Amino acid sequence: MLKSSLLILLLLGTTETMLFPLASLSAQGSAWEKFTDQGRKAYAQGRYLDSAKSFLAALEEARSTELEDDRLAISLNNLGLAYKVLKYYDRAEPLFQQAVSVNEKTWGPDHPRVGESLTHLAELYQVLGQDREAEPLFQRALTIYEKGLAPDDARLVRTVTTLVHLYQSQGKDDEAEKLLIRALSLTQQSLGTDHPQFGRSVTDLAKFYRDQERWQDAEALFKRALVFNEKVLGTEHYRIAMALGDLAQLLRIQEKDAEAEPLLVRALAINEKAWGPDHPTVARSLTALARCYLAQGKTSQVEPLLKRALAIDEKAWGPDSPRSARSRTNLAKFYRGVGNHTQAELLFKKALAINEKSFQADDPRLAQSLVDLADVYLDQGRETEAEPLYKRALNVLGTATKKDPALLGKTYTSYAVLLRKLNRTHEAMEIEKKAKAGEPGPP
């Protein structure tokens, strides 16, 4: 039986690659397609529990049929990804492992579909801090992709990028740099310097140098990528906006906001033309430009940009989505910075309510929302309202699988300030000791 044609869709704003059918596999596949489509939509909207329920129903449907098609492996991967974002790691692991086995049996050990499942499993191990288990899986996936895919295929590019980050996290910077240079060389040899992927490979190496704080090397490559992309794609292509944004970000890191501003203005204009005025990409451009204005003290130009970004995200993702909560938080932080605590409090409360529904109880993003609201209360001398929020945030950070040392330190510091305001000096000193030691957990 012929296997159906599928595309790999990269969900906006996530780091997960998910497979979804574009055409009916058969008349008997309609229920499976319905459940899968429901799961996809729920996942894209940040309703991860709902997506898991739909993907589970799709998996049960796939297991009930004896047709030899892709549905079982797709459903295993989809449900695994939903469980992963929900932090049900013990449930996700066997699903990804089974997906690898199913794809090996269906397609053979060197097929890109096997690479996809290997990548999902490796990324799970990476989240769990099991880099030793993740690395060989990424390496095997990369070998499969290099044999079976073009150098510009998103799966190959993604795996190179992820493996680079893994090497960096292990302090293997030399290995990471070698891999990026190898990818650039392969692209140049296979596709030539006039192919868009060449510009992307140059950008990847530039980002690596940026992360290494090799500012001059990074800036030279970002500028090279921009010139290259303008030559190959034209001056109005959306990738030009991306290249402008990369260069602007590097300049802003170096506090060169005046140089970054015209790049971000141009990037915004390109994105509005390429995507339309109400696209989420435009919202991101608006936010980046707003931050640049704020860094230069141009506060009067910040508020309308952030309000527009919030309106776009609410329209695109829904008012109760995590993306809208993030935009609402950006606006709230601006209001707090200019002393408008009333508006800041309202926005932070709404963002917290959304994040409490969207994220698990040990998610650092939830802790950040708690700290944001607590900080506003502390600004206004409302210590008794702030304290339980700081305590709850510390509990979240103490149980989180993915640690956030910077947020933990900030939370300890703010909580110590609160305690000193309440003349609880001894408690404040104990908290400050924990902050200095980087000790996780509740006070």
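Residues numbered from 1 in each chain as written. Predicted model: local features only at pLDDT ≥ 70, side-chain atom pairs only at ≥ 80, totals over all residues. Heavy atoms only, no water.

**Student:** An account of the overall build of the chain is requested, with residue identities and associated values reported.
**Tutor:** On a plain count of helices and strands, the chain comes out with 20 helices and two strands. Since a compact globule built from 443 residues should have a radius of gyration of about 22 Å, the 24 Å found for the chain is in line with a globular shape. Once the C-alpha set of the chain is aligned to its principal axes, its extents read approximately 75 × 50 × 40 Å. In the chain, which comprises 443 residues, the proportion classed as buried is 49%. Contacts spanning at least 24 positions in sequence make up 57% of the contacts within the chain whose residues lie at least 6 apart. (Helix = DSSP H or I, 4+ residues; strand = E, 2+ residues; numbered from the N terminus. Rg over C-alpha atoms; globule rule 2.2 N^0.38 Å. Buried < 20%, exposed > 50% of the residue type's maximum accessible area, 1.4 Å probe, protein only. Contact = heavy atoms within 4.5 Å.)

**Student:** Give a description of helix α4 (residues 89–107) that names residues and reports values.
**Tutor:** The periodicity of an α-helix, 3.6 residues per turn, causes residues three or four positions apart to be oriented the same way. When the terminal C-alpha atoms of α4 are compared, their 26 Å separation across 19 residues agrees well with the 27 Å that a helix rising 1.5 Å per residue should span. Among the residues of α4, those classed as buried are Tyr89, Ala92, Leu95, Phe96, Ala99, Val100, Val102 and Asn103. As for α4, its buried residues are in contact with α2 (48–63), α3 (71–85) and α5 (112–127). Two residues or fewer after α4 comes Gly108, characterised by a positive phi angle close to 100°. (Expected span 1.5 Å × (residues − 1).)

**Student:** Now, about the nonpolar core: what can you tell me, with residues and values included?
**Tutor:** Core analysis: the largest hydrophobic core is formed by 116 residues, its most contacted members being Val160 and Tyr390. Element by element, the count of residues in this core is highest for helix α17 (residues 364–379), at nine residues. (Core = buried A, V, L, I, M, F, W, Y, C linked by side-chain atoms within 4.5 Å.)

**Student:** Give me the lowdown on the packing of helix α18 (residues 383–399) against helix α19 (residues 405–421), citing residues and values where you can.
**Tutor:** Interhelical geometry of α18 versus α19 gives an angle of 150° and a closest axis separation of 10 Å. Taken together, the axes of α18 and α19 are roughly antiparallel relative to one another. Seen along the crossing, α18 lies across α19 with a hand that is left-handed. Contact with α18, carried on its side by Glu383, Ala386, Glu387, Tyr390, Lys391, Ala393, Leu394 and Leu397, involves Leu407, Leu408, Thr411, Tyr412, Ser414, Tyr415, Leu418, Leu419 and Lys421 of α19 and no other residues of that element. Tallied by class, the residues present in the contact of α18 with α19 amount to 11 nonpolar, two polar and four charged. (Axes fitted to C-alpha atoms, helices over the stretch in contact; angles between N-to-C directions. Parallel < 35°, antiparallel > 145°, perpendicular 65-115°, else oblique. Left-handed = near helix turned anticlockwise from the far one by under 90°. Nonpolar A, V, L, I, M, F, W, Y, C, P; charged D, E, K, R; others polar.)

**Student:** Quick one: what's the story with the pattern of salt bridges, residue by residue and with numbers?
**Tutor:** Counted under the stated rule, the structure contains 36 salt bridges. Close ionic contact of Arg40 with Asp37 constitutes a salt bridge, the shortest N to O distance being 2.7 Å. Of this pair, Arg40 and Asp37 both sit in helix α1 (residues 30–44), three residues apart, which is roughly one turn of the helix. The exposure class of Arg40 is partly exposed, given its relative accessible area of 26%. Its salt-bridge partner being Glu272, residue Arg308 comes within 2.8 Å of it at the nearest N-O pair. In this pair, Arg308 is assigned in helix α14 (residues 302–317) and Glu272 in helix α12 (residues 257–275), connecting sequence segments 36 residues apart. When salt bridges with common partners are traced through the structure, they connect Arg336, Asp375, Asp379 and Lys410 into a single cluster. (Salt bridge = Lys/Arg side-chain N within 4 Å of Asp/Glu carboxyl O.)

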